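# Structural features, examined
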Amino acid sequence: MDLRIFTEPQQGATYDTLLTVAKATEDLGFDAFFRSDHYLRMGAADGLPGPTDAWITLAGLARETKRIRLGTLMTAGTFRLPGVLAIQVAQVDQMSGGRVELGLGAGWFEEEHKAYGIPFPKEKLARLEEQLAIVTGLWATETGKTFDFHGTYYDLTDSPALPKPAQAKVPVLIGGHGAARTPRLAGRYADEFNMPFASIEDTERQFGRVRAAAEAAGRGADALTYSNALVACVGKDDAEVARRAAVIGREVDELKANGLAGSPDEVVEKIGRYAEAGARRIYLQILDLDDLDHLELISSRVQSQLS
């Protein structure tokens, strides 16, 4: 079971804070550092000092880290044209020496689009399908040849399909709860399917749909890695769990029901239940980015039991 650190910088974080967490992620033996792609805070957080851009952040971290994988859960398809996104991700992959992964979603948070003047189209999933075809198609085009795509929303003619990523294939992540279209897109394009903030029962059901879609696409169900994203709140004792829950404005019972909360042994046991449902990777949503002791505890008392 891989454990990855997943951050939500729109809630309030500087690049320096993210760099500190990414370096701790590497030093403590976690597999990867991922971040969300949002421009507006959610809930009661003040969001200060303001948003950071996902791919600018990852470009910086690519030069400041050596081992960990770097990526997004999920890049919003509404924020970037697919040809530009393919260039950005390929460049960051080169800058990292081949450690980048692209989580790509349709985009959903309408308020952030209004706040920053970003169009919010109705046909988001249809656009996402074309975006996936373009990004993966550009990367797969042989050097020296050109790429063409003529769709409903995007039109590319004689693209040199450059630059290329450092990796032969940048892993593509698709995720979500949708019962039909999401599994179909994952079955065709994804190297990993991520089920965010879901129960074990819903996870098992959705993994089954994606596995069936991958089989229908002729790839085989095991061609994909299956993962979950879950909020983490771990403590050495009940008092420490309660303190960490209070800092992020959550209730312990709710966190235990819907996330990975409690003692290290409780969290290991619950991760085991997600593994039984098919998960092979967990993204730990860390909401208090100043609490590096939390990461150390998870590394020493949770990750050590899963190795």
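### Some thoughts on the overall build of the protein chain
The secondary structure content of the protein chain amounts to 11 helices and 12 strands. Here the protein chain has a C-alpha radius of gyration of 19 Å; the compact-globule value for 307 residues is 19 Å, and the two agree. Projected onto the principal axes, the alpha-carbon positions of the protein chain cover approximately 60 × 40 × 35 Å. Burial analysis of the protein chain (307 residues in total) assigns 54% to the buried set. Taking the intrachain contacts of the protein chain between residues at least 6 apart in sequence as the baseline, contacts between residues at least 24 apart amount to 72%. Of the roughly 13400 Å² that the protein chain leaves accessible, carbon and sulfur atoms contribute 50%.

### Side note on the side chain of E101
One can find E101 in strand β5 (residues 100–105). According to the relative accessible area criterion, E101 is buried, its value standing at 4%. Looking at E101, its side chain comes within polar contact range of the side chain of R4, at 2.9 Å.

### Side note on helix α11 (residues 292–306)
The end-to-end C-alpha separation of α11 is 20 Å, in line with the 21 Å expected for 15 residues at 1.5 Å each. The largest bend in α11 amounts to roughly 35° and is located at S299. Of all the residues in α11, the buried ones are H294, L295, L297, I298, S299, V302, Q303 and L306.

### Concerning the packing of aromatic side chains
What the rule picks out here adds up to six aromatic pairs. Ring geometry for Y39 against F79: centres 4.6 Å apart, planes inclined by 25°, an arrangement best described as stacked. Placement of Y39 in the loop between β2 (32–35) and α2 (54–64) and of F79 in the loop between β4 (75–76) and α3 (82–96) is noted, with a sequence separation of 40 residues between them. Looking at Y39, the relative accessible area reads 18%, which means it is buried. Taking relative accessible area as the criterion, F79 reaches 15% and is therefore assigned buried. Aromatic ring contacts, followed pair by pair, group Y39, F79 and Y116 into a single cluster. Lying over the aromatic face of F120, K124 brings its terminal NZ or CZ to 4.2 Å of the ring centre.

### Focus on the nonpolar core
Core analysis: the largest hydrophobic core is formed by 75 residues, its most contacted members being L3, W55, L102, W139, L284, I298 and V302. Those residues in contact with W55 that sit more than four places away from it in its chain are T72, T75, R80, L85, V89, V92, V100, E101 and L102. Among the nonpolar cores identified, the runner-up in size contains seven residues, and A32, F34, L173 and Y283 belong to it.

### Some words on the side chain of R80
Mapped onto the fold, R80 is located in the loop between β4 and α3. Overall, the relative accessible area of 8% leaves R80 in the buried class. At a separation of 2.8 Å, a polar atom in the side chain of R80 contacts the side chain of D37. A distance of 2.9 Å separates polar atoms of two side chains, one belonging to R80 and the other to D53. In this structure, R80 is in contact with D37, Y39, D53, A54, W55, T75, L85, Q88 and Q131, ignoring residues within four places of it in sequence.

### As for the packing of helix α10 (residues 264–276) against α11
Here α10 crosses α11 at 40°, and the two axes come no closer than 10 Å. Relative to α11, the element α10 is oriented oblique. Relative to α11, the crossing made by α10 is right-handed. Together, P264, D265, V267, V268 and I271 of α10 and L297, R301, V302, Q305 and L306 of α11 make up the contact between the two elements. Considering only residue class, the contact of α10 with α11 consists of seven nonpolar, one polar and two charged.

### Description of unusual backbone geometry
If a residue is not glycine, its phi is most likely negative; likewise, a peptide bond is most likely trans. Across the junction of L48 and P49, the peptide omega takes the value 10°, indicating a cis bond. Structurally, the position occupied by P49 is in the loop between β2 and α2. The linkage connecting L162 with the following residue, P163, adopts the cis geometry, with an omega of 0°. Its identity as a non-glycine residue notwithstanding, D158 has a phi of 55°, on the positive side. With respect to the secondary-structure elements, D158 resides in strand β7 (residues 155–159). On the basis of relative accessible area, D158 is assigned to the exposed category, the value being 52%. One non-glycine residue with positive phi stands out, namely F197, at about 50°. Counting through the fold element by element, F197 comes out in the loop between β9 (192–196) and α7 (200–216). Residue classification places F197 among the partly exposed residues on the basis of a relative accessible area of 41%.

About the cut-offs
- Residues numbered from 1 in each chain as written.
- Predicted model: local features only at pLDDT ≥ 70, side-chain atom pairs only at ≥ 80, totals over all residues.
- Heavy atoms only, no water.
- Helix = DSSP H or I, 4+ residues; strand = E, 2+ residues; numbered from the N terminus.
- Rg over C-alpha atoms; globule rule 2.2 N^0.38 Å.
- Buried < 20%, exposed > 50% of the residue type's maximum accessible area, 1.4 Å probe, protein only.
- Contact = heavy atoms within 4.5 Å.
- Areas by Shrake-Rupley, 256 points an atom, 1.4 Å probe, with all protein chains shown as cover.
- Polar contact = N/O pair within 3.5 Å; in protein donor to acceptor, adjacent residues only side chain to side chain.
- Expected span 1.5 Å × (residues − 1).
- Bend = angle between axes of the 7 residues up to and from the residue.
- Phe/Tyr/Trp six-rings, centres within 6.5 Å; stacked < 30°, edge-to-face > 60°.
- Lys NZ or Arg CZ within 6 Å of the ring centre and 35° of its normal.
- Core = buried A, V, L, I, M, F, W, Y, C linked by side-chain atoms within 4.5 Å.
- Axes fitted to C-alpha atoms, helices over the stretch in contact; angles between N-to-C directions.
- Parallel < 35°, antiparallel > 145°, perpendicular 65-115°, else oblique.
- Left-handed = near helix turned anticlockwise from the far one by under 90°.
- Nonpolar A, V, L, I, M, F, W, Y, C, P; charged D, E, K, R; others polar.

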